[in-house]
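Single-letter residue listing:
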Amino acid sequence: LPSTMAASQGRSQGPSLSEIVTQHRKTSQQLRSDLDKERQDLVKTAEELGQSIIDKLDKGVGKTYENQRRLEVEAKTLERKVVDFAREINQWTTLYSQFNDALKELGDVKNWAQGIEADLNDINLSLTKVVSGSQKRSNPTRTTDEEKNKPAKSS
């Protein structure tokens, strides 16, 4: 029994230096292992966060790109419609100009016809006067007889 007592008394005095070093190495190793695990978790979380941010940015960039493409397509469509509209306006302007010129010509023809009609009426009146004047000269007796048969005007 004394040997077991002596052994237990030696142990009660505290751990030996080699036990302390061994315990320190185990604790240090455990702390390094825990620190590595925490570092890996932190890196993984940072990568996930970065990927999440990139995904959100990609979605935003993707939407922006899609909207830009749609706007470009609509702008090209609008440009084509504007060109077509301008062409139609030119056609309508040309038609209007031609119609307006035709109306002016009709107005000119109408004025010309009215002028000719007035000239012909003047010529007709002149010819009528000439004819009636020549008839009076060629039949002076008849005119005199007619004048004799007319009742006299009382003044």
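Rules behind the numbers
- Sequence order as written defines the numbering, with residues in each chain counted from 1.
- In keeping with the model being predicted, local features are shown solely for residues with a pLDDT of at least 70 and side-chain atom pairs are shown and tallied solely at 80 or more, while totals for entire chains, interfaces and linings include all residues.
- Side-chain metrics in this entry use all non-hydrogen atoms of the structure; hydrogen atoms and water are not considered.
- Numbered from the N terminus, helices here are DSSP runs of H or I no shorter than four residues, and strands are runs of E no shorter than two.
- Only protein chains enter the area calculation, which uses a 1.4 Å probe; residues under 20% of their type maximum are buried, those over 50% are exposed, and those in between are partly exposed.
- To be clear on the numbers: accessible area is Shrake-Rupley with a 1.4 Å probe, and residue cover counts the displayed protein chains and nothing else.
- A carboxyl oxygen of Asp or Glu within 4 Å of a side-chain nitrogen of Lys or Arg is what we treat as a salt bridge.
- In predicted models, pLDDT denotes the confidence assigned by the predictor to each residue on a 0 to 100 scale.
- Note on definitions: a residue-residue contact is assigned when non-hydrogen atoms from the two residues lie within 4.5 Å.

**Q** I'd love a proper account of the overall build of the protein, names of residues and values included.
**A** Scanning the protein from terminus to terminus reveals three helices and zero strands. Residues classed as buried in the protein amount to 1% of the 155 residues present. Only carbon and sulfur atoms are counted for the fraction: they give 58% of the accessible area of the protein, which is about 14900 Å².

**Q** I'd like a rundown of the pattern of salt bridges, residues and numbers included.
**A** A complete count under the given rule lists three salt bridges for this structure. Linking Asp36 and Arg39 is a salt bridge whose minimum nitrogen-to-oxygen distance equals 3.1 Å. Placement of both Asp36 and Arg39 in helix H2 (residues 17-138) is noted, with a separation of three residues, approximately one turn of the helix. You can call Arg39 partly exposed: its relative accessible area is 46%. Between Glu66 and Arg70 there is a salt bridge; the shortest N-O distance is 2.7 Å. Of this pair, Glu66 and Arg70 are both found in helix H2, four residues apart, which corresponds to roughly one turn of the helix. Given the relative accessible area of 38%, Glu66 is considered partly exposed.

**Q** Go over the confidence of the model for the protein with me, naming the residues and quoting the values.
**A** Detailed reading of predicted coordinates is not advised where the pLDDT is low. Taken as a whole, the protein shows an average pLDDT of 84; of its residues, 82% reach a score of 70 or greater. Mean pLDDT in the protein bottoms out at helix H1 (residues 2-12), which sits at 50, and peaks at H2, which reaches 91. Here residues 1-8 is modelled with pLDDT under 50, and outside its nearest four sequence neighbours on either side it reaches zero contacts, counting other chains as well.

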